[in-house]
Number of protein chains: 2
Amino acid sequence: MTASSPQALHLIARPAGEPKDSDFELRPVPVRELAEGEARVRVSHVSIDPAMRIWMTEQKSYWPPVALGEVMRAAGYGQVVESRNARLPVGTWLSGMTGITEMLYTDGRGLRPVGSGEAPDPARILHLFGATGLTAYFGLKEIGQPKAGETVVVSAAAGAVGSTVVQLAKAWGCRVVGIAGGPAKCAQLIEEFGADAAVDYKAGEVGRALSTACPEGIDVYFDNVGGDILDAVLKRLRMHARVVVCGGISQYNATSAPKGIVNHLALISARARMEGFVVIDYLQRAEEAIAAMAPLVASGRLKGKIDVLEGIARFPEALRRVLSGGNVGKQVLALG
Amino acid sequence: MTASSPQALHLIARPAGEPKDSDFELRPVPVRELAEGEARVRVSHVSIDPAMRIWMTEQKSYWPPVALGEVMRAAGYGQVVESRNARLPVGTWLSGMTGITEMLYTDGRGLRPVGSGEAPDPARILHLFGATGLTAYFGLKEIGQPKAGETVVVSAAAGAVGSTVVQLAKAWGCRVVGIAGGPAKCAQLIEEFGADAAVDYKAGEVGRALSTACPEGIDVYFDNVGGDILDAVLKRLRMHARVVVCGGISQYNATSAPKGIVNHLALISARARMEGFVVIDYLQRAEEAIAAMAPLVASGRLKGKIDVLEGIARFPEALRRVLSGGNVGKQVLALG
């Protein structure tokens with residue numbers, strides 16, 4: 001085996017707390033002849049998502065856990081480099097759940113052809129027009145149901161989903177307050193993503209800052225983090241508010257029972273709703289979301305910022321970044 | 001002042017933890033001539049509700065706090081014994097927010113005439129066809145939206161709202177599991193209120209018992225208690241489940257921050273909704289609820305069990321009963 005042998009990243013231990021390098025192992029992808037109907041795909045880029053942390057646990061979720069020893073699950077895209085399948089000619093770009101691997105054997109099932117010329121733009125295919133953008137679009141539109149003039153608060157707002165929600169809510173006429181960690185991200189929320197105000201959760205009590213930023217209360221909260229921030233928002237909901245339960249990054253690395261939410265009874269006096277959703281339920285409506293977002297992208301009102309690390313071996317680092325808020329925009333890993 | 005002078009119960013201290021007798025004070029109602037347009041009402045019965053504990057705090061809720069020194073807020077009914085108001089002839093029964101007082105001066109505003117003959121039945125006017133029954137009816141129907149065949153779980157199920165929800169859900173064709181404290185209440189849930197199964201939260205781990213009682217999971221949860229029981233239910237929600245947030249009795253006497261809910265992310269994989277409501281938003285639809293419940297009452301399928309204590313001085317005891325689960329059915333206090 002040479003240094004250029006394709007490799008895949010396998011999950012070999014269920015992480016306790018923050019994922020360690022030793023929870024994963026790079027193994028060579030066996031090089032073999034193609035069977036009839038197969039294509040060989042060189043995977044180019046994969047998406048790094050907080051939800052991966054959940055897939056590594058035994059926890060029941062919308063997908064089964066990744067089994068120990070398996071290649072780590074991931075969305076990605078790559079190009080056909082050899083083919084014995086007429087529908088998958090060499091040069092075709094394929095997008096889907098590739099996993100963290102430099103090389104994939106496939107009959108095309110579960111993968112979607114996305115052209116055959118120039119390489120796809122990861123900011124589009126893995127971010128705005130991928131699961132991230134669809135999560136932001138459908139979560140905000142279908143669960144949050146914001147109306148123009150309402151106040152929308154978004155947590156992990158400088159992250160991939162969060163920054164998309166911020167921009168969509170602005171485009172839909174809302175007043176938008178983003179919550180993020182540190183002055184640099186907060187400045188970016190306002191200057192780059194167009195938020196009306198930003199709350200730095202590392203700078204002091206989130207509740208007080210939210211009261212200042214949202215003097216009339218909160219109509220829609222798009223939650224990516226759970227924990228204390230969710231609790232602070234619950235106390236500040238306006239009548240008939242909606243809380244979109246998208247994720248709980250603050251809990252994903254928890255090794256003990258997380259500090260729970262104590263303010264759920266605020267849902268009563270606010271007549272408010274808290275609702276979870278999973279983007280896979282909306283994938284069949286992807287075209288609708290893309291049609292709505294494409295003009296915003298074209299006009300520069302919707303920016304798909306990506307944060308790229310290079311090399312399959314850096315997967316653990318990339319994952320730690322999205323779990324700790326080290327990334328700005330969509331975290332992508334470039335392979336090979 | 002004689003022993004038979006009418007008295008009113010005033011809130012004189014904000015309770016810390018369980019309300020004490022010394023948090024209240026009986027004071028004579030000043031006896032005076034009626035002004036033009038006024039009537040004097042002898043209050044007969046008042047409703048004792050867990051929410052009263054919230055009104056005694058400084059906490060923002062759907063009603064302002066009861067101010068210190070004020071007569072304690074309560075729903076009740078009484079009869080006009082003297083009148084200088086042509087619309088309120090002597091003998092008229094009036095229902096509404098009377099407060100905990102034996103004697104009320106009123107121009108009729110905020111009170112509803114409910115006949116002039118025989119005394120109203122507290123099991124109807126304060127329970128099934130009062131705020132309690134309407135809370136059960138609209139909370140279950142509008143927020144829970146149960147479909148025949150679904151599994152409905154109810155906490156504080158032997159209480160006033162809970163026992164009504166159990167019976168309505170059964171009447172609407174659901175499989176119903178009630179949660180209550182102790183074997184007597186659990187037996188009553190099944191034998192008297194028709195629940196399919198009962199979970200005794202004092203008998204061991206609620207989660208395990210719920211898994212046994214609801215092997216397919218939970219479609220609708222009508223929550224009156226919050227806390228650990230809510231957390232146990234969240235982990236067992238079926239797809240598209242609805243959690244009706246009606247109350248949180250387990251937290252009302254808490255003197256420190258309650259143990260929070262740690263399983264809210266279960267709303268994501270179950271695509272579930274948790275929603276609060278307040279019955280006052282539905283009062284204008286009371287006739288609809290009464291029309292739907294009356295035939296069930298007539299046929300004996302909906303029983304309005306009440307638990308009556310006698311004497312205004314027993315208010316603190318009555319309140320402690322509903323907060324600790326000492327009552328069975330609707331707690332009522334008979335005055336005078």
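For every chain, the first residue of the written sequence is number 1, and numbering continues from 1 onward in sequence order. A letter from A marks each chain and a number from 1 marks each ligand, given out in the order of writing. Under the rules for a predicted model, residues below a pLDDT of 70 receive no local features and side-chain atom pairs below 80 are neither given nor counted, while totals for whole chains, interfaces and linings still include all residues.

Visitor: Help me understand the overall build of chain A in this model?
Guide: Secondary structure summary: chain A contains eleven helices and 15 strands in total. For a compact globule of 336 residues, the expected C-alpha radius of gyration is about 20 Å, and chain A comes in at 20 Å, within 12% of that figure. Projected onto its principal axes, the C-alpha coordinates of chain A cover approximately 65 × 45 × 35 Å. Any residue whose C-beta has 12 or fewer other C-beta atoms within 10 Å is treated as exposed, any with 20 or more as buried, and any in between as partly exposed, C-beta atoms being built from the backbone. Looking at chain A as a whole, 51% of its 336 residues are labelled buried. Two residues qualify as a contact pair if the distance between their C-beta atoms, derived from the backbone, is within 7 Å. Counting contacts in chain A only where the partners sit at least 6 residues apart, residues at least 24 apart contribute 66% of the total. Here a helix means four or more residues in a row that DSSP labels H or I, a strand means two or more in a row labelled E, and each is numbered from the N terminus. The quantity called the radius of gyration is restricted to C-alpha atoms. Its globule counterpart is 2.2 Å times the number of residues to the power 0.38.

Visitor: How should I be thinking about the interface of chain A and chain B in this particular structure?
Guide: The parts lose accessible area when they come together, and the size of an interface is often stated as this lost area. Chain A puts 28 residues into the contact, and the matching count from chain B is 28 residues. Within the residue set of the side of chain A that touches chain B, elements represented by two or more residues are α9 (266–269) and β13 (273–276) of chain A. Element by element, the count of residues in the side of chain A that touches chain B is highest for β13(A), at four residues. Ten residue types, Ala, Val, Leu, Ile, Met, Phe, Trp, Tyr, Cys and Pro, are classed as nonpolar, four, Asp, Glu, Lys and Arg, as charged, and the remainder, Gly among them, as polar. Partitioned by chemical class, the residues of the side of chain A that touches chain B number 14 nonpolar, eight polar and six charged. Paired strands, in this sense, are two strands between which DSSP finds at least two bridges. Bridging between β13(A) and strand β13 (residues 273–276) of chain B involves three bridges; their strand directions are antiparallel. Looking across to β13(B), one finds that Arg273(A) is bridged to Glu275(B).

Visitor: Can you walk me through unusual backbone geometry in this structure?
Guide: One can expect most non-glycine residues to show negative phi and most peptide bonds to be in trans. Of note, the phi angle at Gln145(B) is positive, near 45°, even though the residue is not glycine. Of note, Gln145(B) is situated in the loop between α3 (131–144) and β8 (151–154).

Visitor: Which parts of the structure should I look at to understand the sheet that holds strand β11 (residues 218–223) of chain A?
Guide: Two strands in a sheet stick together by hydrogen bonds in their backbones, pointing the same way (parallel) or opposite ways (antiparallel). Pairing within the open sheet is mixed, and its twelve strands lie in the order β10(A)-β9(A)-β8(A)-β11(A)-β12(A)-β13(A)-β13(B)-β12(B)-β11(B)-β8(B)-β9(B)-β10(B). Every interior strand has two partners, whereas the edge strands, β10 (197–200) of chain A together with β10 (197–200) of chain B, have only one. Taken over all neighbouring pairs, the strand axes of this sheet differ in orientation by 15° on average, direction set aside. Note that strand β11 (residues 218–223) of chain B and strand β12 (residues 237–245) of chain B share five bridges and pair parallel. Across the sheet, the residue bridging to Phe222(B) is Val244(B), located in β12(B). Sitting on the sheet, helix α6 (residues 206–213) of chain A is in contact with β9 (175–180) and β10 of chain A, with an inclination near 170° to β10(A). Between the N-to-C directions of two axes lies an angle of 0 to 180 degrees, each axis being a line fitted to C-alpha atoms and, for a helix, fitted only over the stretch in contact. Together, β9 (175–180) and β10 of chain B form the strand contacts of helix α5 (residues 183–191) of chain B, whose direction differs from that of β10(B) by roughly 165°.

Visitor: Which parts of the structure should I look at to understand the relation of the copies chain A and chain B?
Guide: What relates the two chain copies is a rotation about an axis together with a slide along it. What sets the superposition is a least-squares fit of C-alpha atoms, and only residues with pLDDT of at least 70 in both copies go into it. When chain A is fitted to chain B, the residual RMSD is 0.1 Å, and the transformation amounts to a turn of 180° plus an axial shift of 0.0 Å. When the rotation and shift are considered jointly, the pair of chain copies conforms to a two-fold rotation axis. Of the C-alpha atoms belonging to chain A, the one lying closest to the rotation axis is found on Gly260(A), 1.8 Å away. Most of the interface of chain A is mirrored in chain B: 100% of its interface residues are interface residues there too.

Visitor: Help me understand the nonpolar core, please; the structure alone is not making it clear to me.
Guide: Side chains that are nonpolar tend, in soluble globular proteins, to be buried together. Of all hydrophobic cores here, the largest spans 216 residues; its most connected members are Val233(A) and Val233(B). Non-local contacts of Val233(A), meaning those with residues more than four positions away in its chain, are made with Val153(A), Leu210(A), Ile218(A) and Tyr221(A). For this entry, the nonpolar core is defined as buried Ala, Val, Leu, Ile, Met, Phe, Trp, Tyr and Cys residues connected by C-beta atoms within 7 Å.

Visitor: What am I meant to see in helix α7 (residues 227–234) of chain B here?
Guide: Along an α-helix, residues three or four positions apart point the same way, because every turn accommodates 3.6 residues. Judged by how many residues are buried, α7(B) sits mostly within the fold: seven of eight residues are covered. Residues Gly227(B), Ile229(B), Leu230(B), Asp231(B), Ala232(B), Val233(B) and Leu234(B) constitute the buried set of α7(B).

Visitor: Would you take a moment to explain the domain arrangement of chain A for this structure?
Guide: Residue and element names in this part refer to chain A. Domains are outlined according to an automatic or database domain assignment. Under the domain assignment, chain A is made up of domain 1 (7–120 + 305–334) and domain 2 (131–280). Taking the mean C-alpha position of each, domain 1 and domain 2 sit 29 Å from one another. Taken together, the contact between domain 1 and domain 2 spans 17 residues of the former and 16 residues of the latter. Elements represented by at least two residues in the side of domain 1 that touches domain 2 include exactly α1 (51–55) and β15 (330–334). With three residues, α1 is the single largest residue contributor to the side of domain 1 that touches domain 2.

Visitor: Can you help me understand the environment of Met52(B) in this one?
Guide: With respect to the helices and strands, Met52(B) occurs in helix α1 (residues 51–55). Sequence separation between Met52(B) and Lys141(B) is 89 residues, and the spatial gap between their C-alpha atoms is 24 Å.

Visitor: What is the right way to look at the packing of helix α3 (residues 131–144) of chain A against helix α10 (residues 286–298) of chain A in this model?
Guide: Axis angle and axis distance: for two packed helices, these are the angle between their axes and the distance between the axes, and together they describe the pair. Residue and element names in this part refer to chain A. At a minimum axis separation of 10 Å, α3 and α10 run at an interaxial angle of 90°. With respect to α10, the element α3 is oriented roughly perpendicular. Facing Gly 133, Leu 134, Tyr 137 and Phe 138 of α3, the residues of α10 in contact are Ala 286, Ala 289, Ala 292 and Met 293. Should an angle fall under 35 degrees it is called roughly parallel, over 145 degrees roughly antiparallel, and 65 to 115 degrees roughly perpendicular, with every other angle called oblique.

Visitor: What's the story with the environment of Leu296(B) in this structure? I'm lost.
Guide: Residues and elements named next belong to chain B. Mapping Leu 296 onto the fold places it in helix α10 (residues 286–298). Distance in space between the C-alpha atoms of Leu 296 and Glu 310 is 29 Å, their sequence separation being 14 residues. If we ignore the near neighbours within four places in the chain, the residues touching Leu 296 are Ala 171, Arg 301 and Leu 302.

Visitor: Would you take a moment to explain the pairing of strand β1 (residues 7–11) of chain B for this structure?
Guide: Residue and element names in this part refer to chain B. In terms of residue burial, β1 counts as a mostly covered element, since five of its five residues are buried. With burial as the criterion, each face of β1 is covered, one bearing Gln 7, Leu 9 and Leu 11 and the other bearing Ala 8 and His 10. Where β1 meets strand β2 (residues 24–28), five bridges bridge the pair, whose relative direction is antiparallel. By the bridge assignment, Ala 8 is partnered in β2 with Arg 27.

Visitor: Sorry if this is basic, but what is going on with the environment of Val31(B) here?
Guide: Turning to its location among the elements, Val31(B) is positioned in the loop between β2 and β3 (39–47). Residue Val31(B) is classed as exposed on the basis of its 10 C-beta neighbours within 10 Å.

Visitor: Just checking my understanding: could you explain α6(A) for this structure?
Guide: Residue and element names in this part refer to chain A. Along α6, the residues classified as buried are Val 206, Leu 210 and Ala 213. An end-on view of α6 places all buried positions within 65° of arc, on one side of the element. What points out from α6, more than 90 degrees from its buried face, is the exposed set Arg 208 and Thr 212. The elements touched by buried residues of α6 are β9, β10 and α7 (227–234). Arc, as used here, means the arc of the directions from the helix axis to the C-beta atoms.

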